[in-house]
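What follows is the residue order along each chain.
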Amino acid sequence: MSNEAEPGTSAERGEEMSPGSNDTSERENAYWRANIRLLLSLLAIWFACSFGAGILLRDFLDRFMLGGYPLGFWFAQQGSIYVFIVLIFVYVVRMRQIERKFDLDD
């Protein structure tokens, strides 16, 4: 193995890393951290509503009624779908804010 630059690298082409490239990398990393954090939080909410309320807590929630149906049954059949639709709209709004914050909006 030699210490020479590999073909196609910026060192071989005589290019140097621009001083702002590290800032770009940090900004991209911050953008993806915010994106993943949003995704994980929304998935946790959806999991809690669909699996938690619809399956794990169903017996407890069935003590309460919503629209003439036991609440646990409602979450299992319709509630988690409604929550999912709301989460889609929340995702769109928050992603637009995140993209504006990191200057990635169209």
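See the structure printed just above.
What you are looking at is a predicted structure, and each value in this text was computed from that prediction instead of being measured.

K.L.:
Even after reading the chapter, I still don't get unusual backbone geometry, so can you show me in this structure?
P.N.:
Glycine aside, residues mostly have negative phi, and peptide bonds are mostly found in the trans state. Even without a glycine there, the phi angle at D103 is positive, about 55 degrees. The topology assignment puts D103 in the segment after α3 (71–101).

K.L.:
Sorry if this is basic, but what is going on with the nonpolar core here?
P.N.:
Burial of nonpolar side chains together is a common tendency in soluble globular proteins. Listed in full, the 11 residues of the largest apolar core are A30, Y31, A34, L38, L42, C49, V83, L87, M95, I98 and F102. For this core, the secondary-structure elements that each account for two or more residues are α1 (21–56) and α3. For this core, the leading source of residues is α1, giving six residues. Once you skip the residues sitting within four places of it in the chain, L42 turns out to touch L87, V90 and Y91. Counting five residues, the second-largest nonpolar core is a separate cluster that includes L61, L71, W74 and F75.

Here is what the cut-offs are and how they apply
Here the residue numbering is sequential within each chain, running from 1 through the sequence in written order. Reporting of local features is limited, given that this is a predicted model, to residues whose pLDDT is at least 70; pairs of side-chain atoms are given and counted only at 80 or more, and all residues count toward the totals for whole chains, interfaces and linings. Side-chain descriptors were evaluated using all non-hydrogen atoms of the structure, hydrogens and water having been removed beforehand. Each helix is a run of H or I in the DSSP string that is no shorter than four residues. Each strand is a run of E no shorter than two, and both are numbered from the N terminus. Definition of nonpolar core: a set of buried residues of the types Ala, Val, Leu, Ile, Met, Phe, Trp, Tyr and Cys, connected through side-chain atoms within 4.5 Å. In this scheme, a residue with accessible area under 20% of its type's maximum is buried, one over 50% is exposed, and one in between is partly exposed, where area comes from a 1.4 Å probe on protein chains only. Throughout, a residue-residue contact means that at least one pair of heavy atoms, one from each residue, lies within 4.5 Å.

By themselves, these observations are geometric and do not establish any function.
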